[in-house]
Amino acid sequence: MTVHVDQRVGTAVRAEQLTRTYGSGTQAVTALAGVDAEFARGTFTAVMGPSGSGKSTLLQCAAGLDRPSSGRVWIGDLEISRMGETKRTELRRNRIGFIFQAFNLIGALTVEENIVLPLRLAGTAPDRAWLAHVVERIGMTERLRHRPAQLSGGQQQRVAIARALATRPEVIFCDEPTGALDSRTAAEVLALLRAVVDEHGQTVVMVTHDPVAASYADRVMVLADGRIVHDTPQPGPARVAEQLAALDSRGAAR
Ligand code: ADP
Ligand code: MG
């Protein structure tokens, strides 16, 4: 049975006192040092901060791709930090989309096969009308039989977005999705992510180091040393750049 929930009401993701430590003893690295965060449904958040500040670790822990050392994570009202591997994988396949900087499409599969792969893995019948809409929205209707190698970087990232949307996930996590794209192509991809939030009430959490990319978001969260140091409504690219520069000079002074 399909339960239809209003995607715009409530909390899509919640993290409580998340910590993640790599290694042990004198070699231990604290990637997350106690992060509390809530992402409301139908919102677009940019996660920023210096290299090594814990952005990717936060995303991976929130998406159930990595296990926190301590703390709790909920997707909707389901706590993934308590789930075993099998349940977590199932939840990730059905309710979470992930978009990587390197696109991570499968070269041997066509565009269409890449897009429906999450559904096949989840053993879910595709919602044909939804898929046709998604494919049209990314402008790939004419290229369904192409292979990723025949597409530009921007087109490949649009396919990756469609793949992340195929299961109509609760939340889409993106780690530097425009990091490998030129600025014009990046703008197309960002407009598409914005539309996903505005038109479908989906939730997007995007790591980026680019203040212009962050200006597409509703909210900007800045990490430093595994903690949230700023969390504000999107203040505009100039202010974001200032905040990051202040952190960089602080880092350089240490
Ligand atoms: P960001 O995405 O902000 O650049 P990361 O979350 O990738 O930062 O990393 C945060 C910290 O954790 C860094 O000091 C990084 O070196 C460390 N780290 C990340 N992944 C690993 C790992 N698999 N093993 C050891 N240290 C790691
Ligand atoms: Mg990273």
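All of these numbers come straight from a predicted model, not from anything done at the bench.

Participant: What is the right way to look at the pairing of strand 8 (residues 203-207) in this model?
Facilitator: Along any regular strand the residues' side chains alternate between the sheet's two faces. Burial analysis of strand 8 places five of its five residues in the buried class, which makes it a mostly covered element. The side-chain alternation of strand 8 yields two buried faces, one formed by Thr203, Val205 and Val207 and the other by Val204 and Met206. In this sheet, strand 8 lies alongside strand 3 (residues 44-48) in parallel orientation, the contact comprising four bridges. Across the sheet, Val47 pairs through a bridge with Val207, a residue of strand 8. Pairing of strand 7 (residues 171-175) with strand 8, which is carried by five bridges, proceeds in the parallel orientation. Directly across from Val171, in strand 8, lies its bridge partner Thr203. Regarding topology, helix 6 (residues 183-200) serves as the crossover connection from strand 7 to the parallel strand 8, and that connection is right-handed.

Participant: I'm lost on the packing of helix 3 (residues 111-122) against helix 5 (residues 153-165) in this one. Help?
Facilitator: Helix-helix packing is described using two parameters, namely the angle between the two axes and the distance between the axes. Running from N to C, helix 3 and helix 5 point in directions that differ by 35°, and their axes come no closer than 7 Å. Considering only the axes of helix 3 and helix 5, their crossing is right-handed. Taking contact as the criterion, the partners of Val111, Asn114, Ile115 and Pro118 in helix 3 are, on helix 5, Val159, Ala162 and Arg163. When the residues that make up the contact of helix 3 with helix 5 are grouped by side-chain class, the tally is five nonpolar, one polar and one charged.

The rules we used
Residues numbered from 1 in each chain as written. Chains lettered and ligands numbered in written order. Predicted model: local features only at pLDDT ≥ 70, side-chain atom pairs only at ≥ 80, totals over all residues. Heavy atoms only, no water. Buried < 20%, exposed > 50% of the residue type's maximum accessible area, 1.4 Å probe, protein only. Helix = DSSP H or I, 4+ residues; strand = E, 2+ residues; numbered from the N terminus. Pairing = 2+ DSSP bridges. Right-handed = clockwise from strand over helix to strand, strands pointing away. Axes fitted to C-alpha atoms, helices over the stretch in contact; angles between N-to-C directions. Left-handed = near helix turned anticlockwise from the far one by under 90°. Contact = heavy atoms within 4.5 Å. Nonpolar A, V, L, I, M, F, W, Y, C, P; charged D, E, K, R; others polar.

These values are about where atoms sit, not about what they do.
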